[in-house]
Amino acid sequence: MAEPTPEDPLAYRLEREEEAYGALGEPRPERPSGLVDISAADHGLPAPLGYDVWLLDSILGEILREQLGEERFAQARALLKDPWDPQNLPQDPVAIRQIARAFTLYFQLVNTAEQKEIVRVNRDPRRRVGGVRRESIRDAANHVHSALRDHLHSIEVCPTLTAHPTEAKRRAVLDKLLNIADELAGAPRLESSLDEAQELDARLRQKLSTLWQTDEMRSVSLTVEEEVRNALYFFERTIFDVVAWLHEDLQDALVSQGVHEEVPVCVRFRSWVGGDRDGNPLVTPQVTADTLEAHRRTVLEIYLQRAADLRREITISSKLVGRDVEFAHLVEAEMVRAPLADDRISRYAQEPYVLRMLQIESRLQATLDRIPGRAYESADELVRDLAGIRTSLQRLGISQETERSNLTRLLMQARIFGFHMASLDIRQHSEAHEAAVSEMFRVAGVCDDYATRSEDLKLEILRRELASPRPLLGPDAGISDHLRQTLEVFQVVKRARRELGPESVKAYIVSMTHGVSDLLEVLLLAKECGLAHLRLDGLVSEIEVVPLFETIDDLRRSGELLEAWITEPSFRPSLEAMGLRQEVMLGYSDSSKDGGFLAANWSLHSTQACLAEVAQRNGVAVRFFHGRGGTVGRGGGRANRAILSQPPGSFDGQIRFTEQGEVISFRYSMPAIAHRHLEQIVGAALMAVDANAEPEPPEFLAAMAELSERSREAYRALVYDDPEFWGFYNQATPIDFISLLPIASRPVFRPGKALQGIDQLRAIPWNFAWVQSRYVMVGWYGLGSAMESWLDDPEKLALLRWMYRDWPFFRTVLDNAQLELCRAQLSTARRYADRVKPAEMGDRFHQLLLDEHSRSVRTVEAITERPLLERAPVVRRTIAFRNPAVEPLNAMQLQIMDRWDSLTAEEQAGPWREAALQTIAGLAAAMQSTG
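Fair warning: this is a prediction, and the values are worked out from it, not measured in the lab.

### Here's the deal with the overall build of the chain
Stage number 1. Of the regular secondary structure elements, the chain holds 39 helices and 11 strands.
Stage number 2. On C-alpha atoms alone, the chain measures out to a radius of gyration of 29 Å, which is about the 30 Å that the 2.2 N^0.38 rule sets for 931 residues.
Stage number 3. On the principal axes, the C-alpha backbone points of the chain span a range of 85 × 80 × 60 Å.
Stage number 4. By the burial criterion, 60% of the 931 residues in the chain qualify as buried.
Stage number 5. Once local pairs closer than 6 in sequence are excluded, the contacts in the chain between residues at least 24 apart make up 81%.
Stage number 6. Total accessible area computed for the chain in this model is approximately 36,500 Å², and 50% of it derives from carbon and sulfur atoms.
Stage number 7. Looking at charge distribution, the chain has the averaged site of its 110 positive side-chain charges lying 2 Å from that of its 139 negative ones.

Here it is, written out as structure tokens:
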């Protein structure tokens, strides 16, 4: 065997295998078969990935034999060979759950191995061009050249964590999978014994065994408090460090161009978790207050730990490097204000930076404990203290202590995360505000029928009350619990902004914004609670009021509404105070559910162009907040490509987007993957600001307007206009079981609604159910119907090919559709349709879906002039590699669905329910999607 190198991990791992199992050159013995025994390498996947999958699968096989017994293991293997043979299907719910758990764990391990492989590929120096990683910060800097400095002062990227669709894996499971990934990384660890190679298998086996014995299914639904802790877990694990790394990359890029100034903060995180009240009655004002406190405590505890680490690092002796007199005076002055213990002063008398860090730690602890007089009043004071240490070290010529150092990193983290960690958004449905304002007007004697009045009459009342200095409610006013809670939310926000700083809560998002009154109602509620103030020039709000446009009809009307809003006299002073910048949120989920894949994509694209034009015409900048989901059908896909495909003139460097569910755990579990994800987004933002904003060809716009309407008609005809469709969907997908999943605090259906039709169902479970049944129709239905007839017209086909070749938006749409068309497994989906009653209904709808899938495949391949995903061969091969092991989970899920109605209520609440939920979790892991 050739001498292994760090760039040759397979050779290195094979050598370790030989060391562990063979002495003096003896061959290593064959391992027993794994659960799946499908070779990733035989499917054309990278050899290191194939090796890791083989290693994990073989160890998993050993554990399953031991834990389940040979007979149950053989049953799982038989099901893999032919999942559709009734003789191979387990009949007992306990057996079903055990076997489904086995396949679930297999896919979790495969996903972990793939994450590790992504890191390996991105670290591989052979994949770099001129030493630069593609789609990195340095790559983007090379593209924008001398404009980098100006661009850095204009971009702000704001990923926003949300709690839905929630991740199916528990934190305990996630931790164990990440530990396994660390073992797969393969580097010998200095803290290990000299026999470390022989210990690898034992460690992996122990970790897999513990993982098998850990129940990944929760017994009860998550509370909001648990969702908050889960979100903060990712800040602690990766985000806190990775965002600092990213700014170091930006700093290096600046320095490489000869610019020696501190890089501005370009990436800030926000969160909805604990602040999103829309449809979730469990998010009370107290929960929001507790969430803000959890943010504060978490970030301060991290600062305390990092400060202690830094203190142990910068043990620089003034006897050896000299004394900075100015800094020494600062330390002495602080000692008078907040003295340290005498023994510490004498012990570190010659180590002034240790003393200064002790002082900083003392103030941080006082801040955490809320001790007046000693606590930091704001994070700016912490920034100044850390910057003072860096400046002193630079004066002494100790440059290595200030370049990519832990000190500089902590200083950057304090600038980014402050004492609030992540800004918490508040979101609520417009109907809730209307009800609250209606009650306020009734109690105050303004009017008794506000909610029933026309938009013009509502605006007249709202403008009058916004201009009045008097409050509407007295201290003893008798009000409903709904109004009390609505007002308490604003009071919580006011308190947080005073105590944690204005970054703690910045935006209030109004779901289902239909008119200007929906936004002015929020301003009125803010004024009532002291978050908006009357000045000589009018009312000025402390928080941004953000409209959320969700349905296709709302998207189409949004330009008119935005213009009315940014020219509204009652709002204009607030807009000017915000620097004449208005944020607008675009909902991907509901627009896709409302009009289908192509129509939703076009509506969102054309809406951005329209809103940008409206804003520019009125002298206002607009920042788009993209409510993207995890799946293509909910706006998912590669965020950097979405940024680069925005309409010309619609992007000035500032952008927000949601990060949801399984997307969060995939992107933010491993620091290296989080680094890659964010560098691609920031790099794309730098390049998009720099892009030549030439108008899109009118031929493209006209074509998409026609095609999207045809696609919408085809989609609506199936989903909304056919009276039998709900009966088909309800039987041909596991939507009933998804509603039982204890994985989110937010209900599957809208408040007060029953499971009676598509309108009442949230977009997340709508997508989730289609993924489970393998139709995945939300990512392609309507595409073929819209475009197929154009294939017979040479001019129209040439236009579509031109659009794909030269229009980033259209290319991104078709590339995303290719992924979903490949992920769809219509032969498996056919078996879900077979259970529909009456059979004719199942046959009819399946044929409609099958025909549209075929049309869409033919259309996409004709336009791209290539087979599906030919330009993404690893993705195509990965899908093919996974499919055989996915089918056993589908087969067991269908068996449960077929038997469900014959079970007693007690059986449905016991092992059969657990078996059903296990198949859902398994398919979510296999398809890497919860909707």
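### Focus: the side chain of His247
Stage number 1. As for its position among the elements, His247 is in helix α9 (residues 224-256).
Stage number 2. Using a relative accessible area of 1% as the deciding quantity, one classes His247 as buried.
Stage number 3. Here the side chain of His247 touches Val243 through a polar contact of 2.8 Å, landing on its backbone oxygen.
Stage number 4. Those residues within four positions of His247 in sequence are excluded, and the remaining contacts are Val263, Pro264, Val265, Cys266, Val267, Met412 and Ile416.

### Re the pattern of salt bridges
Stage number 1. By the definition in use, this model includes 71 salt bridges.
Stage number 2. Arg484 is the salt-bridge partner of Glu488, the closest N and O atoms lying 2.8 Å from each other. In this pair, Glu488 and Arg484 both sit in helix α19 (residues 481-499), 4 residues apart, roughly one turn of the helix.
Stage number 3. The partly exposed category is assigned to Arg484, whose relative accessible area is 33%.
Stage number 4. Between Glu659 and Arg667 there is a salt bridge whose closest N-O contact spans 2.5 Å. Each of the two residues, Glu659 as well as Arg667, counts as buried.

### Concerning helix α4 (residues 93-123)
Stage number 1. For α4, with 31 residues, the first-to-last C-alpha span of 45 Å sits near the 45 Å given by 1.5 Å per residue.
Stage number 2. Counting buried residues along α4, 26 of its 31 residues qualify, which places the element largely inside the surrounding structure.
Stage number 3. The backbone nitrogen of Val94 lies 2.9 Å from a side-chain oxygen of the residue at the head of α4, namely Asp92.

### Notes on the packing of α9 against helix α10 (residues 285-313)
Stage number 1. Running from amino to carboxyl end, α9 crosses α10 at an angle of 30°, the nearest separation of the two axes being 11 Å. Taken together, the axis directions place α9 and α10 in an arrangement best described as roughly parallel. Regarding α9 and α10, the two cross each other, and that crossing is right-handed. Across the interface between the two elements, Val224, Glu225, Val228, Leu232, Glu236, Phe240 and Asp241 from α9 touch Val287, Thr291, Ala294, His295, Thr298, Val299, Ile302, Tyr303 and Arg306 from α10.
Stage number 2. Looking at the contact of α9 with α10 residue by residue, the classes come out as 9 nonpolar, 3 polar and 4 charged.

### Remarks on α9
Each turn of an α-helix holds 3.6 residues, which means side chains three or four residues apart point in the same direction.
Stage number 1. Taking 1.5 Å of rise per residue, 33 residues should cover 48 Å, and α9 covers 45 Å from first to last C-alpha, within 8% of that figure.
Stage number 2. The sharpest bend along α9 measures roughly 50° and falls at Glu236.
Stage number 3. Directly after α9, the chain includes Gly258, whose backbone phi takes a positive value near 80°.

### Some remarks on the state of the cysteines
Stage number 1. According to the stated counting rule, one finds 0 disulfides in the structure shown.
Stage number 2. With no disulfide of its own, Cys529 has Cys447 as its nearest cysteine by sulfur position, at a separation of 19 Å.
Stage number 3. The class for Cys529 is buried, based on a relative accessible area of 8%.

### Considering the sheet that holds strand β11 (residues 654-660)
Stage number 1. Pairing within the open sheet is parallel, and its 9 strands lie in the order β3-β2-β1-β11-β10-β9-β8-β5-β4. In this open sheet, the two strands that pair with only one neighbour each are β3 (423-424) and β4 (426-429).
Stage number 2. Taken together, the 4 bridges between strand β5 (residues 507-511) and strand β8 (residues 544-549) define a ladder with parallel strand orientation. Across the sheet, Ala507 pairs through a bridge with Glu544, a residue of β8.
Stage number 3. On top of the sheet, helix α23 (residues 588-595) reaches β9 (581-587) and β10 (621-627); it is set at about 45° to β9, its chief contact.
Stage number 4. Set on the sheet, helix α26 (residues 661-668) makes contact with β1 (156-162) and β11; between it and β11 the angle comes to about 105°.

### A closer look at the confidence of the model for the chain
Detail in the predicted coordinates should be disregarded across regions flagged by low pLDDT.
Stage number 1. Summary statistics for the chain give a mean pLDDT of 88 and a share of 90% for residues scoring 70 or more.
Stage number 2. With pLDDT under 50 throughout, residues 1-10 is counted as low confidence; its partners more than four residues away or in other chains account for 14 contacts.

### Thoughts on the pairing of β9
Stage number 1. Of all 7 residues in β9, 6 are buried, a share of seventy percent or more.
Stage number 2. Looking at chain direction, β8 and β9 are connected through 2 bridges and run parallel. Bridge pairing links Phe549 to Leu586 in β9.
Stage number 3. Strand direction decides the pairing type here: β9 and β10, joined by 7 bridges, are parallel. Note on β10: the bridge partner recorded for Arg581 is Ala621.

### Considering the packing of aromatic side chains
Stage number 1. For the structure on display, the rule yields 35 aromatic pairs.
Stage number 2. One aromatic cluster is present, built from ring pairs that chain together Phe725, Trp726, Phe728, Tyr729, Trp766, Trp770, Tyr775 and Phe845.
Stage number 3. Just above the ring of Tyr720 sits the side chain of Arg716; from NZ or CZ to the centre is 3.9 Å.
Stage number 4. Taking the ring centre of Phe845 as reference, the NZ or CZ of Arg844 above it sits at 4.3 Å.

### Digging into unusual backbone geometry
Stage number 1. The amide bond that connects Lys837 to the next residue, Pro838, takes the cis arrangement and shows omega of 0°.
Stage number 2. Its place among the elements puts Pro838 in the loop between α35 (826-833) and α36 (839-864).
Stage number 3. Even without being a glycine, His145 presents a positive backbone phi close to 55°.
Stage number 4. Structurally, His145 is set in the loop between α5 (137-144) and α6 (148-152).
Stage number 5. Residue Glu865 is not a glycine yet carries a positive backbone phi of 60°.

### Thoughts on the pairing of β11
Stage number 1. Of all the 7 residues making up β11, 7 are buried; the element is thus mostly covered by neighbouring parts of the structure.
Stage number 2. Residues Gln654, Arg656, Thr658 and Gln660 line one face of β11 and the alternating positions Ile655, Phe657 and Glu659 line the opposite face, and both faces are buried.
Stage number 3. As paired elements, β1 and β11 share 7 bridges and run parallel to each other. Bridge pairing in β11 links Glu156 to Gln654.
Stage number 4. By the bridge criterion, 3 bridges tie β10 to β11 in an arrangement that is parallel. By the bridge assignment, His626 is partnered in β11 with Phe657.

### Quick word on the nonpolar core
Stage number 1. Within the largest apolar cluster, 125 residues are counted, with the highest numbers of intra-cluster contacts made by Trp766, Met777 and Phe810.
Stage number 2. Trp766 has contacts with Lys593, Tyr715, Val719, Phe725, Tyr729, Ile758, Leu761, Met777 and Val778, leaving out every residue within four places of it along the chain.

### Re the side chain of Asp324
Stage number 1. As for its placement among the helices and strands, Asp324 is situated in the loop between α11 (318-321) and α12 (325-337).
Stage number 2. Note on Asp324: relative accessible area 11%, which makes it buried.
Stage number 3. At 3.3 Å, the side chain of Asp324 and the backbone nitrogen of Glu326 are in polar contact.
Stage number 4. Non-local contacts of Asp324, meaning those with residues more than four positions away in its chain, are made with Tyr353, Ser392, Arg395 and Leu396.

### Some points on the packing of α35 against helix α37 (residues 873-900)
Stage number 1. Interhelical geometry of α35 versus α37 gives an angle of 5° and a closest axis separation of 10 Å. With respect to α37, the axis of α35 lies roughly parallel. For the pair α35 and α37, contact is made by Ser827, Thr828, Arg831 and Tyr832 and by Glu887, Asn890, Gln893, Leu894 and Met897, respectively.
Stage number 2. Here the contact of α35 with α37 is built from residues that sort into 3 nonpolar, 4 polar and 2 charged.

Reading the values: rules and limits
- Residues numbered from 1 in each chain as written.
- Predicted model: local features only at pLDDT ≥ 70, side-chain atom pairs only at ≥ 80, totals over all residues.
- Heavy atoms only, no water.
- Helix = DSSP H or I, 4+ residues; strand = E, 2+ residues; numbered from the N terminus.
- Rg over C-alpha atoms; globule rule 2.2 N^0.38 Å.
- Buried < 20%, exposed > 50% of the residue type's maximum accessible area, 1.4 Å probe, protein only.
- Contact = heavy atoms within 4.5 Å.
- Areas by Shrake-Rupley, 256 points an atom, 1.4 Å probe, with all protein chains shown as cover.
- Lys, Arg positive; Asp, Glu negative; His and termini not counted.
- Charge placed at Lys NZ, Arg CZ, Asp CG, Glu CD.
- Polar contact = N/O pair within 3.5 Å; in protein donor to acceptor, adjacent residues only side chain to side chain.
- Salt bridge = Lys/Arg side-chain N within 4 Å of Asp/Glu carboxyl O.
- Expected span 1.5 Å × (residues − 1).
- Axes fitted to C-alpha atoms, helices over the stretch in contact; angles between N-to-C directions.
- Parallel < 35°, antiparallel > 145°, perpendicular 65-115°, else oblique.
- Left-handed = near helix turned anticlockwise from the far one by under 90°.
- Nonpolar A, V, L, I, M, F, W, Y, C, P; charged D, E, K, R; others polar.
- Bend = angle between axes of the 7 residues up to and from the residue.
- Disulfide = S-S within 2.5 Å.
- Pairing = 2+ DSSP bridges.
- pLDDT = per-residue confidence, 0-100.
- Phe/Tyr/Trp six-rings, centres within 6.5 Å; stacked < 30°, edge-to-face > 60°.
- Lys NZ or Arg CZ within 6 Å of the ring centre and 35° of its normal.
- Core = buried A, V, L, I, M, F, W, Y, C linked by side-chain atoms within 4.5 Å.

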